[in-house]
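# Observations on the three-dimensional arrangement
The lines below spell out each chain.
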Amino acid sequence: MSALMLTILTVVLSACGGSTGSTSNTGQSGSNCSNVQLTFWNALSGPDGPVVQQLVTQYNSSHPDSKVKMSIIPLNNFATKLDTAAASKTLPDVAIINEDQIATQAFRNVISPIDDVMPKIGYSANDFPARAWSQDEVAGKRYGIPLFINTMTMFYNADLLKQAGLSNPPTNDAEFQKAAAAMNTGGKHGFQITTGFPVQQIFQQLLHQFGGSEFNADNTQATWNSPAGLKALQWMKNAQAKYSQPKLPVDADVNSFKAGSAGMIWNGIWQDTNVTGDAVEFKGEAAATPQIGTQPATWAGMGSLTIPSSNTSSCTRSAAATFIKYVVDNSAKMAQGGDLPAYRKARNDASVQNIPLMKAVSPSAENPVFPPSVPGISDAFTPLGNAVGAVMAGTSQDLQKSLDTSVNQANQILKQNQQKYGSTPKK
């Protein structure tokens, strides 16, 4: 899995020289700055890493007044590295933070509001999907600029689909049921779904498609035990019973698909190079996941460029803003590394739309399912993941009770987080 999902991607730029993250240009205005040195940490260990390195190299060649040095940090060590830097007041200058971590890092004073440099960055809500733009707003201030949106994707065996007498991948529930049933023959499974990742994400997607939401309007109560939530979970159980092997562990869906024994799977966009092209001995194709319910919604992960709180130098903040704008302006290039650009102009660029995968999933980015920008929100999802996993594994038979129990547990976590983080970010 690419550095995005499992979780997903945090990029950090740090000013060199000194533990405060500032440079010798402190106090100068952005227009008088020169020789600003920035360090770029990231966890882009997949094919997107070399692509971003190319952007860094191009930036350095075209911006004589500032230079960026890029370092890749292993994903499993990135959070610790960030915490250590925050504690020692050596946070770097720019960071790509995951969609579920924006508020948490803002409340912990790890990242700072970027309203002061927005005139230099220059984007507005019209440049991005509305949900992506709002995700980076916390307590009335802007903390980031969306860089990429990596969506849940349907991968299908085009050979099996053709043998079943169908020429196009399903786009709605009726078409999905028809395709899955048609390919569910001869020892093949029309659709494979596991008991672990990404079943929680599939549930969230279906919940929104059926008109529900994970939380109430002020994000103080979990609400996924609604009729829409029950409908979503029942759909998943029915699909498992009809078309999938039961009790599949994590990644068994991918392995089954690669072996040619599954007609369709839903997984992250980052699986593309693992299940299509030369990676398989059949015609593996990618498409947007079907819209099962009445509302368009696709689970996705997002990475946003932010400026950590230690960056107080006006010159460093100005250089960081210039770098952010450069990367986003040129983010069409990231499609070559498997990342779907969040910037609408970049996503609609011919170089992106000429990539079949990107063209197929591009519309999904307009209706992404993200958690609310609430500090510690990821913790509140743990009971949901456990409940959905237990239902799919067959260890929990009562769907409504499972959802109710997980909601009660999540509400306790939400309450604890309110006490832990308070109502406004730390200064």
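Residues numbered from 1 in each chain as written. Predicted model: local features only at pLDDT ≥ 70, side-chain atom pairs only at ≥ 80, totals over all residues. Heavy atoms only, no water.

## Remarks on the overall build of the chain
Secondary structure assignment for the chain yields 17 helices and twelve strands. Relative to a compact globule of 427 residues, whose C-alpha radius of gyration would be 22 Å, the chain shows 22 Å and is just as compact. For the chain, the spread of C-alpha atoms along the principal axes amounts to about 70 × 45 × 35 Å. Expressed as a percentage of its 427 residues, the buried residues of the chain come to 57%. Pairs at least 24 apart in sequence give 78% of the contacts found in the chain among residues at least 6 apart. (Helix = DSSP H or I, 4+ residues; strand = E, 2+ residues; numbered from the N terminus. Rg over C-alpha atoms; globule rule 2.2 N^0.38 Å. Buried < 20%, exposed > 50% of the residue type's maximum accessible area, 1.4 Å probe, protein only. Contact = heavy atoms within 4.5 Å.)

## Some remarks on the pairing of strand β8 (residues 145-157)
Buried residues dominate β8, accounting for 13 of its 13 residues. Bridge count between β8 and strand β9 (residues 264-268): five bridges; the pairing is antiparallel. Counterpart to T153 in the pairing with β9 is N267. (Pairing = 2+ DSSP bridges.)

## Section: the packing of helix α8 (residues 199-209) against helix α9 (residues 227-243)
Put simply, α8 and α9 touch, their axes get as near as 8 Å, and they point 130° apart. Judged by the angle between their axes, α8 and α9 are oblique. In this structure, α8 crosses over α9, and the sense of that crossing is right-handed. On α9, the residues touching V199, I202, F203, L206 and L207 of α8 are A228, G229, A232, L233, W235 and M236. Here the residues of the contact of α8 with α9 sort into ten nonpolar, one polar and no charged. (Axes fitted to C-alpha atoms, helices over the stretch in contact; angles between N-to-C directions. Parallel < 35°, antiparallel > 145°, perpendicular 65-115°, else oblique. Left-handed = near helix turned anticlockwise from the far one by under 90°. Nonpolar A, V, L, I, M, F, W, Y, C, P; charged D, E, K, R; others polar.)

## Side note on the state of the cysteines
Two cysteines, two sulfur atoms, one covalent bond between them: this is a disulfide. Per the counting criterion, the structure on display carries one disulfide. Each sulfur in the disulfide pair C33 and C315 lies 1.8 Å from the other. Taking the torsion about the sulfur-sulfur bond, which here is approximately -85°, the covalent link between C33 and C315 counts as left-handed. Taken together, the residues span a long stretch of sequence, with C33 in the loop between β1 (12-15) and β2 (36-42) and C315 in helix α12 (residues 314-329) at a distance of 282 residues. Overall, the relative accessible area of 11% leaves C33 in the buried class. Judged by relative accessible area, which is 1%, C315 ranks as buried. (Disulfide = S-S within 2.5 Å.)

## Regarding the environment of D253
Locating D253 in the fold gives a position in helix α10 (residues 252-258). Judged by its relative accessible area of 2%, D253 is buried. Separated by 30 residues in the primary sequence, D253 and K283 place their C-alpha atoms 17 Å from one another. Residues in contact with D253, not counting those within four places in the same chain, are Q192, T194, P198, I265, W266 and N267.

## Observations concerning the nonpolar core
In terms of nonpolar packing, the biggest core is built from 111 residues, with I145, F203, W224 and M236 touching the most fellow members. Per element, the largest residue contribution to this core is nine residues, and it comes from α12. Excluding residues within four positions of it along the chain, F203 makes contact with W224, G229, A232, L233, M236, L384, V388 and L403. Counting 18 residues, the second largest nonpolar core, distinct from the first, contains A103, V110, I111 and Y143. (Core = buried A, V, L, I, M, F, W, Y, C linked by side-chain atoms within 4.5 Å.)

## Remarks on helix α1 (residues 48-62)
The terminal C-alpha atoms of α1, which comprises 15 residues, lie 21 Å apart, in line with the 21 Å expected from a rise of 1.5 Å per residue. Buried within α1 we find D48, G49, V51, V52, L55, V56, Y59 and N60. Where α1 is buried, its residues touch β2, β3 (66-72) and α12. (Expected span 1.5 Å × (residues − 1).)

## Things to note about the packing of aromatic side chains
Given two aromatic rings, their pairing is described by the distance between the two centres and the angle made by the two planes. The final tally for this structure, using the stated rule, is 18 aromatic pairs. Note on Y123 and F128: the rings are 5.6 Å apart at their centroids and 90° apart in plane angle, and the pair reads as edge-to-face. The pair Y123 / F128 is uniform in exposure class, with both members buried. Measuring from centroid to centroid gives 5.6 Å for F128 and Y343, while their planes differ by 40°, and the two rings are tilted. Remark: Y343 occurs in the loop between α12 and α13 (344-347) and F128 occurs in the loop between α4 (118-121) and α5 (130-135); sequence separation between them is 215 residues. (Phe/Tyr/Trp six-rings, centres within 6.5 Å; stacked < 30°, edge-to-face > 60°.)

## Notes on the side chain of Q192
Secondary-structure assignment places Q192 in the loop between α7 (173-183) and α8. In this structure the side chain of Q192 is engaged in a polar contact, spanning 2.8 Å, whose partner is the side chain of Q245. Setting aside residues no more than four positions away along its own chain, Q192 makes contact with S244, Q245, L248, D253, S256, A262, M264 and I265. (Polar contact = N/O pair within 3.5 Å; in protein donor to acceptor, adjacent residues only side chain to side chain.)

## Topic: the environment of Q200
For Q200, the location among the structural elements is in helix α8. Among the residues examined, Q200 registers a relative accessible area of 15% and is labelled buried. Taking the C-alpha atoms as reference points, Q200 and G385, separated by 185 residues in sequence, lie 5.1 Å from one another.

## Focus on α7
Considered for burial, the residues of α7 that qualify are F176, Q177, A179, A180 and M183. Buried positions along α7 lie against β8, α6 (158-163), α9 and β9. Near the N-terminus of α7, the side chain that reaches the backbone nitrogen of A174, with its oxygen 3.3 Å away, is that of N172.

## Looking at the packing of helix α16 (residues 377-393) against helix α17 (residues 399-421)
Their axes nearest at 8 Å, the elements α16 and α17 cross at an angle of 165°. The angle between α16 and α17 places the two elements in the roughly antiparallel class. Between α16 and α17 lies a crossing of right-handed hand. Contact with α16, carried on its side by I377, D379, A380, P383, L384, A387 and V391, involves L399, S402, S406, Q409, A410, I413, L414 and N417 of α17 and no other residues of that element.

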